[in-house]
Amino acid sequence: MRKKTELFKKAGVRNVCPRPSERPIGVFDSGLGGLTVFRELRAQLPGENLVYFGDTARVPYGTKSAEAVRAFSLEITAFLLKKKVKLLVVACNTASSLALDQIRELSPVPVLGVILPGVEAALAAAPAGGKVLVTGTSATVNSRAYSRALAATGARVRVLEKACPLFVPIVEEGWCDRPVAEAVAREYLLPFRKKKVDALILGCTHYPLLKKIIARVMGPRVRIVDSAHAAAARARLDLAERGLLNSGRLGWSQFIVSDAPERFSALAMKLLGIKTGKVSVKRF
Ligand code: DGL
């Protein structure tokens, strides 16, 4: 008699009763920017199954109140938990800044935000007594989540912060290489060049796509810290420590958004070269 799993496979049923390591990682963001974190997870953890949720109906989070961002984040967390995820990655810096504690209270599985990995990477990049510049949405900067996390490490660094709200629409317009992107980056960041910054944290999902321009404006002495990259590296370590790494064959990816799946799919390809395949819709 053929094994049950073979019969399910033949019938196209996937992961009937997956082992804990085969359960997916849930990743969520306010929209498509979190694909920078998805891209890093895919590159650093090729065997993992990934479920990505983008809240395209309610983006942007960066201009919303803490209450709204928390309520949205909790709804999405509950939704992803139903997908039996083994780890939840909060790719959105704004949600990581404002809602991480509440998400952790709700989630029985480990929750990883992008703030702490970004802070650790910045401390590795800046010397003791050095200066770290945090960039992000207005909500992230106003929350002071990065500066509090930096202070909590006890490291002797000075923290400067700058909200750069126009970066998000510039990226979504596909204008990362246009002169306007550099002009806006100069407007926001040139005053900090004189302040002898050692490391700059890209504290927003979209900013890694402007990394080259930001690096050019800040000059060669400034190390640019990508929280998306750091978060994926931390996810790998966490899963390894818990014996939950899924290695072997290539993992699958699933994309779900709360609105406009075609726009999401087209921008995923245009901005990051990610082929999403069919994108499903979940409305809240
Ligand atoms: N994903 C958001 C973040 O990383 C940026 C876009 C938004 O404002 O929702 O903060």
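For the structure, see preceding data.
What you are looking at is a predicted structure, and each value in this text was computed from that prediction instead of being measured.

About the criteria used
Residues numbered from 1 in each chain as written. Predicted model: local features only at pLDDT ≥ 70, side-chain atom pairs only at ≥ 80, totals over all residues. Heavy atoms only, no water. Helix = DSSP H or I, 4+ residues; strand = E, 2+ residues; numbered from the N terminus. Rg over C-alpha atoms; globule rule 2.2 N^0.38 Å. Buried < 20%, exposed > 50% of the residue type's maximum accessible area, 1.4 Å probe, protein only. Contact = heavy atoms within 4.5 Å. Areas by Shrake-Rupley, 256 points an atom, 1.4 Å probe, with all protein chains shown as cover. Lys, Arg positive; Asp, Glu negative; His and termini not counted. Charge placed at Lys NZ, Arg CZ, Asp CG, Glu CD.

(A) View of the overall build of the chain. When its secondary structure is counted, the chain shows 12 helices and 10 strands. For the chain, the C-alpha radius of gyration of 19 Å lies close to 19 Å, the compact-globule estimate for 284 residues. Across the 284 residues of the chain, 54% fall into the buried class. The contacts of the chain with a sequence gap of at least 6 include a subset with a gap of at least 24, amounting to 75%. Looking at the chain as shown, the accessible area adds up to about 13,500 Å², and 54% of this sits on carbon and sulfur atoms. Distance between charge centres in the chain, computed from 45 positive and 23 negative side chains, equals 4 Å.

(B) Structural context of unusual backbone geometry. The omega torsion across Val59 and Pro60 is 0 degrees, close enough to zero to call that bond cis. The residue Pro60 is located in the loop between β2 (50-54) and α3 (66-81) in this model. The phi dihedral of Arg144 falls on the positive side, at around 60 degrees, and the residue is not glycine. With respect to the secondary-structure elements, Arg144 resides in the loop between α6 (138-143) and α7 (145-152). Accessibility expressed as a relative area gives 46% for Arg144, which makes it partly exposed. A positive phi angle, close to 55 degrees, is found at Lys196, a residue other than glycine. Tracing the backbone through its elements, the reader meets Lys196 in the loop between α9 (179-193) and β7 (199-203).

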